[in-house]
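Chains, contacts and geometry: an overview
Chain by chain, the residues run as shown.
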Amino acid sequence: MKEPGCKGGTPDARIWQEDLPAEWLNAVEAPLYYAHYREYEISAERAVGYDADDKPCFTCHRFLLTQTSTGETIQPVVTFSERMSAWRLRDDRWLVFRRNSANHGSEPASFYAFSSTMPR
């Protein structure tokens with residue numbers, strides 16, 4: 001399952017803006033290129049966008065934790081999911097967006113926060 005904010009492959013120019021509130025758009029640098037990482041043992045990926053000075057200015061990750069269902073058909077069931085996007089502001093703080101869900105079918109919780117360092 002691909003989530004907005006950190007999609008498979010190299011993020012395109014729109015991905016870094018998806019969760020960014022419009023009023024903050026002029027307070028961040030747009031990434032010029034990305035490093036993309038994927039975990040092979042669990043469903044997880046991460047991307048870091050860099051500005052013209054090769055400094056991180058955007059990061060995102062998503063992961064899904066699953067367990068195998070015990071019904072007639074064996075399929076993975078999502079037990080926890082998280083999506084995070086963060087943008088470096090011009091004052092070097094980070095605006096962080098997180099959305100997570102503690103079990104399959106529950107309404108995800110979303111929030112914005114500020115951080116003095118880039119989220120990992």
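Just so you know, these numbers come straight off a predicted model, no measurement behind them.

Rules behind the numbers
Residues numbered from 1 in each chain as written. Predicted model: local features only at pLDDT ≥ 70, side-chain atom pairs only at ≥ 80, totals over all residues. Heavy atoms only, no water. Core = buried A, V, L, I, M, F, W, Y, C linked by side-chain atoms within 4.5 Å. Buried < 20%, exposed > 50% of the residue type's maximum accessible area, 1.4 Å probe, protein only. Helix = DSSP H or I, 4+ residues; strand = E, 2+ residues; numbered from the N terminus. Contact = heavy atoms within 4.5 Å. Salt bridge = Lys/Arg side-chain N within 4 Å of Asp/Glu carboxyl O. Polar contact = N/O pair within 3.5 Å; in protein donor to acceptor, adjacent residues only side chain to side chain.

A short note on the nonpolar core
One broad trend across soluble globular proteins is that nonpolar side chains are buried collectively. In terms of nonpolar packing, the biggest core is built from eleven residues, these being W16, L20, V28, Y34, A47, F58, C60, W87, L89, L95 and F97. Looking at this core, the elements that each hand over two or more residues are β3 (56-68) and β5 (94-101). Dropping the residues within four chain positions of it, L89 is found in contact with W24, A27, V28, L95 and F114.

Things to note about the environment of S116
Locating S116 in the fold gives a position in the segment after β6 (109-115). Since its relative accessible area comes to 65%, S116 is described here as exposed. Taking the C-alpha atoms as reference, S116 lies 4.8 Å from R93; in sequence the two are 23 residues apart. Setting aside its immediate chain neighbours within four residues, S116 contacts D92 and W94.

Topic: the pattern of salt bridges
Tallied over the entire structure, the rule returns seven salt bridges. We note a salt bridge from R83 to D19, for which the minimum N-O separation is 2.9 Å. One end of the pair, R83, is in strand β4 (residues 76-88); the other, D19, is in the segment before β1 (33-39), and 64 residues separate them in sequence. Like R83, the residue D19 is buried in the burial classification.

Considering the side chain of E82
When you line up the elements, E82 lands in strand β4. A distance of 2.7 Å separates the side chain of E82 from the side chain of H61, its partner in a polar contact. There is a polar contact of 3.2 Å between the side chain of E82 and the side chain of R98. Each residue touching E82, except ones within four places of it in the same chain, is listed here: H61, R62, F63, R98, R99 and N100.

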